[in-house]
Amino acid sequence: GVMGGPVGEHKVGIAGFSKGALGAAVAFGRETKIPGAWIDSAPWLGLGGMVDSIVRPYAGWIAPAITGVVMASANHFSGGRVDYYDPLRILVDCRGPQRTIAITQGLFDTTVPIQQGERAISHLAGLRMCYDMWVYTPPAYCNKGTHHQEMWEFSDDMRDIMCEFWSRTFGQS
């Protein structure tokens, strides 16, 4: 093919943005042969965490009950497949050599609360034997957008960081 044929599995990484980042984090946790993952603006706490973060500022102490009703309905209508995988729980069960993971999220993200990214960073920081973690959390705000904006507002920085991250992941200079 154009790329010169198949490459070894040690040369294939995974990346995701927003909900795709949640899926990428789950895949990275489940498939230990993936050497590196770029996780950008992931809703680490799944739908339940997102619903709670949206409802809590308005509903206060009753937010857990509202979130519970929303999640019960979502699980009922999906056949119980909502928030089936918890990436942070999966990533704790690590085997094999240390792998690289980048967690990126704009500090002003109003779609996925920055506290979710901070929770993932804190969680994975205790697993240094498993992960070489990279963190990039700029004050991204572009054209009134706050979610997954760092690549547009800080494109030069982002390109440099991604190049360095993937080069290290794949053992290139």
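Residues numbered from 1 in each chain as written. Predicted model: local features only at pLDDT ≥ 70, side-chain atom pairs only at ≥ 80, totals over all residues. Heavy atoms only, no water.

Caption draft 1: Highlighting the pairing of strand 4 (residues 131-136). Bridge analysis of strand 3 (residues 99-104) against strand 4 gives 6 bridges, and the strand direction is parallel. Counterpart to Ala 102 in the pairing with strand 4 is Trp 134. Viewed along the sheet, the connection from strand 3 through helix 5 (residues 114-125) into strand 4 turns out right-handed. (Pairing = 2+ DSSP bridges. Helix = DSSP H or I, 4+ residues; strand = E, 2+ residues; numbered from the N terminus. Right-handed = clockwise from strand over helix to strand, strands pointing away.)

Caption draft 2: The arrangement of the sheet that holds strand 1 (residues 14-17) in detail. Ordered in space as 1-2-3-4, the 4 strands form an open sheet in which the pairing is parallel. Each edge of the open sheet is held by one strand with a lone partner, namely strand 1 and strand 4. Averaged over all pairs of adjacent strands, the angle between their axes in this sheet comes to 10°, without regard to strand direction. Each of strand 1, strand 2 (36-40), strand 3 and strand 4 is contacted by helix 1 (residues 19-30), which is oriented at about 150° to strand 1, the strand it contacts most. Each of strand 1, strand 2, strand 3 and strand 4 is contacted by helix 7 (residues 155-169), which is oriented at about 155° to strand 2, the strand it contacts most. (Axes fitted to C-alpha atoms, helices over the stretch in contact; angles between N-to-C directions. Contact = heavy atoms within 4.5 Å.)

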